[in-house]
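Close look at the chain arrangement
Letter by letter, the chains look like this.
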Amino acid sequence: QVQLVESGGGLVQAGGSLRLSCAASGQTFSSYAMGWFRQAPGKEREFVAAITWIGGSTYYADSVKGRFTIFRDNVKNTLYLQMNSLKPEDTAVYYCAAAEVGGDYSLMDTYDYWGQGTQVTVSS
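This structure is a prediction, so every number in the text was calculated from the model and none was measured. (Residues numbered from 1 in each chain as written. Predicted model: local features only at pLDDT ≥ 70, side-chain atom pairs only at ≥ 80, totals over all residues. Heavy atoms only, no water.)

Some thoughts on the pairing of strand β9 (residues 92–99)
- Of all eight residues making up β9, seven are buried, and the element is well covered by its neighbours.
- Relative to β9, strand β4 (residues 33–39) is paired through seven bridges, and the arrangement is antiparallel. Looking at the pairing, Phe-37 lines up with Tyr-95 of β9.
- Strand direction decides the pairing type here: β9 and strand β10 (residues 113–114), joined by two bridges, are antiparallel. Bridging from a neighbouring strand, Ala-98 pairs with Tyr-113 of β10. (Buried < 20%, exposed > 50% of the residue type's maximum accessible area, 1.4 Å probe, protein only. Helix = DSSP H or I, 4+ residues; strand = E, 2+ residues; numbered from the N terminus. Pairing = 2+ DSSP bridges.)

Shown next as C-alpha coordinates:
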(Lines give C-alpha, C1' and ligand atoms only; values in the text may rest on other atoms or scores of the structure.)
Protein backbone atom coordinates (compact mmCIF):
# COMPACT_ATOMS: atom_id res chain seq x y z
CA GLN A 1 0.00 0.00 0.00
CA VAL A 2 1.12 3.58 -0.62
CA GLN A 3 0.01 6.87 0.89
CA LEU A 4 -0.04 10.00 -1.28
CA VAL A 5 0.03 13.64 -0.20
CA GLU A 6 -0.21 16.48 -2.72
CA SER A 7 1.13 19.99 -2.22
CA GLY A 8 2.03 23.07 -4.20
CA GLY A 9 -1.41 24.31 -5.17
CA GLY A 10 -2.44 27.92 -4.86
CA LEU A 11 -3.70 31.03 -6.61
CA VAL A 12 -1.90 32.20 -9.74
CA GLN A 13 -2.65 34.62 -12.55
CA ALA A 14 -3.29 33.40 -16.07
CA GLY A 15 0.00 32.80 -17.86
CA GLY A 16 1.76 31.93 -14.64
CA SER A 17 3.29 28.69 -13.41
CA LEU A 18 2.95 26.28 -10.52
CA ARG A 19 4.67 23.05 -9.60
CA LEU A 20 2.65 20.41 -7.80
CA SER A 21 4.28 17.70 -5.73
CA CYS A 22 2.97 14.34 -4.59
CA ALA A 23 4.93 12.71 -1.76
CA ALA A 24 4.56 8.95 -1.50
CA SER A 25 5.15 6.75 1.53
CA GLY A 26 4.65 3.07 2.20
CA GLN A 27 5.50 0.60 -0.52
CA THR A 28 8.35 1.20 -2.95
CA PHE A 29 7.44 4.26 -4.98
CA SER A 30 9.14 2.99 -8.11
CA SER A 31 6.74 0.02 -8.13
CA TYR A 32 3.87 2.24 -9.23
CA ALA A 33 2.94 4.06 -12.36
CA MET A 34 1.69 7.50 -11.37
CA GLY A 35 -0.89 9.91 -12.67
CA TRP A 36 -2.42 13.34 -12.15
CA PHE A 37 -6.13 14.00 -12.43
CA ARG A 38 -8.17 17.11 -11.79
CA GLN A 39 -11.74 17.95 -10.93
CA ALA A 40 -13.31 21.34 -11.52
CA PRO A 41 -16.49 22.42 -9.70
CA GLY A 42 -19.52 20.69 -11.15
CA LYS A 43 -17.45 18.51 -13.46
CA GLU A 44 -16.20 14.96 -13.43
CA ARG A 45 -12.63 14.12 -12.53
CA GLU A 46 -10.47 14.07 -15.63
CA PHE A 47 -7.09 12.76 -16.64
CA VAL A 48 -4.20 15.21 -16.83
CA ALA A 49 -0.95 13.26 -17.15
CA ALA A 50 0.71 9.94 -16.32
CA ILE A 51 4.19 8.50 -16.08
CA THR A 52 5.40 4.91 -16.02
CA TRP A 53 7.42 3.22 -13.28
CA ILE A 54 10.87 4.50 -14.16
CA GLY A 55 9.65 7.48 -16.11
CA GLY A 56 10.31 5.96 -19.48
CA SER A 57 6.96 7.01 -20.88
CA THR A 58 4.69 9.95 -20.26
CA TYR A 59 1.12 10.64 -21.34
CA TYR A 60 -0.86 13.87 -21.43
CA ALA A 61 -4.38 15.05 -21.99
CA ASP A 62 -4.64 17.14 -25.14
CA SER A 63 -5.75 20.13 -23.09
CA VAL A 64 -2.41 20.32 -21.24
CA LYS A 65 0.02 18.98 -23.82
CA GLY A 66 2.90 21.38 -24.34
CA ARG A 67 2.11 23.31 -21.13
CA PHE A 68 2.37 20.69 -18.38
CA THR A 69 5.21 18.28 -17.64
CA ILE A 70 4.99 15.22 -15.40
CA PHE A 71 8.14 13.80 -13.88
CA ARG A 72 9.18 11.74 -10.88
CA ASP A 73 12.09 11.35 -8.52
CA ASN A 74 12.21 7.74 -7.35
CA VAL A 75 14.93 8.55 -4.82
CA LYS A 76 12.81 11.24 -3.16
CA ASN A 77 9.60 9.19 -3.62
CA THR A 78 7.96 12.22 -5.18
CA LEU A 79 5.86 12.87 -8.25
CA TYR A 80 5.72 16.33 -9.82
CA LEU A 81 3.56 18.25 -12.22
CA GLN A 82 5.10 21.40 -13.66
CA MET A 83 2.32 23.60 -14.98
CA ASN A 84 3.18 26.54 -17.25
CA SER A 85 1.07 29.00 -19.22
CA LEU A 86 -1.82 28.38 -16.88
CA LYS A 87 -5.33 29.25 -17.98
CA PRO A 88 -8.48 29.92 -15.95
CA GLU A 89 -9.89 26.63 -17.23
CA ASP A 90 -7.07 24.82 -15.42
CA THR A 91 -8.74 25.76 -12.14
CA ALA A 92 -9.50 22.54 -10.28
CA VAL A 93 -8.56 20.29 -7.43
CA TYR A 94 -5.57 18.24 -8.59
CA TYR A 95 -5.13 14.65 -7.42
CA CYS A 96 -2.22 12.29 -7.75
CA ALA A 97 -2.80 8.56 -8.06
CA ALA A 98 -0.76 5.36 -8.07
CA ALA A 99 -1.29 2.27 -10.22
CA GLU A 100 0.13 -1.14 -9.35
CA VAL A 101 -0.56 -2.62 -12.75
CA GLY A 102 -0.35 -0.97 -16.14
CA GLY A 103 -3.29 -0.23 -18.35
CA ASP A 104 -5.09 2.75 -19.79
CA TYR A 105 -3.58 5.53 -17.70
CA SER A 106 -6.31 7.96 -18.67
CA LEU A 107 -8.90 5.94 -16.76
CA MET A 108 -9.48 6.38 -13.04
CA ASP A 109 -10.11 2.64 -12.65
CA THR A 110 -6.47 1.92 -13.54
CA TYR A 111 -5.33 3.53 -10.27
CA ASP A 112 -5.35 1.88 -6.88
CA TYR A 113 -4.45 4.73 -4.52
CA TRP A 114 -5.36 8.41 -4.44
CA GLY A 115 -4.26 11.50 -2.60
CA GLN A 116 -6.60 14.06 -1.03
CA GLY A 117 -5.98 16.72 -3.65
CA THR A 118 -4.61 20.24 -3.81
CA GLN A 119 -6.51 23.29 -5.07
CA VAL A 120 -5.24 25.22 -8.07
CA THR A 121 -6.97 28.48 -8.93
CA VAL A 122 -6.04 30.48 -12.01
CA SER A 123 -7.37 34.02 -12.17
CA SER A 124 -7.99 35.85 -15.44
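Overview of the state of the cysteines
- Throughout the structure, instances matching the rule amount to one disulfide.
- Linked covalently through their sulfurs, Cys-22 and Cys-96 form a disulfide whose S-S length is 2.0 Å. What sets the handedness of the Cys-22 and Cys-96 disulfide is the S-S torsion sign, and at about 50° it is right-handed. Highlighted residues: Cys-22 in strand β3 (residues 18–26) and Cys-96 in strand β9, separated in sequence by 74 residues. (Disulfide = S-S within 2.5 Å.)

Brief notes about the side chain of Gln-82
- You can see Gln-82 is positioned in strand β8 (residues 78–83).
- For Gln-82, a relative accessible area of 16% puts it in the buried group.
- A polar side-chain atom of Gln-82 sits 2.8 Å from a polar atom in the side chain of Arg-19.
- Aside from chain neighbours lying at most four places away, what touches Gln-82 is Ser-17, Leu-18, Arg-19, Arg-67, Phe-68, Thr-69 and Phe-71. (Polar contact = N/O pair within 3.5 Å; in protein donor to acceptor, adjacent residues only side chain to side chain. Contact = heavy atoms within 4.5 Å.)

A few points about the pattern of salt bridges
- Per the counting criterion, the structure on display carries four salt bridges.
- Arg-38 is paired through a salt bridge with Glu-46; the nearest N and O atoms lie 2.7 Å apart.
- On the accessibility criterion, Arg-38 (5% relative accessible area) is buried.
- With relative accessibility at 36%, the residue Glu-46 sits in the partly exposed group.
- Between Arg-67 and Asp-90 there is a salt bridge, and its shortest N-O distance comes to 2.8 Å. Within this pair, whereas Arg-67 is found in the loop between β6 (58–60) and β7 (68–73), its partner Asp-90 is found in the loop between β8 and β9, the two being separated by 23 residues in sequence.
- Under the relative-accessibility criterion, Asp-90 is labelled buried at 1%.
- One salt-bridge network, held together by shared partners, links Arg-38, Glu-46, Arg-67 and Asp-90. (Salt bridge = Lys/Arg side-chain N within 4 Å of Asp/Glu carboxyl O.)

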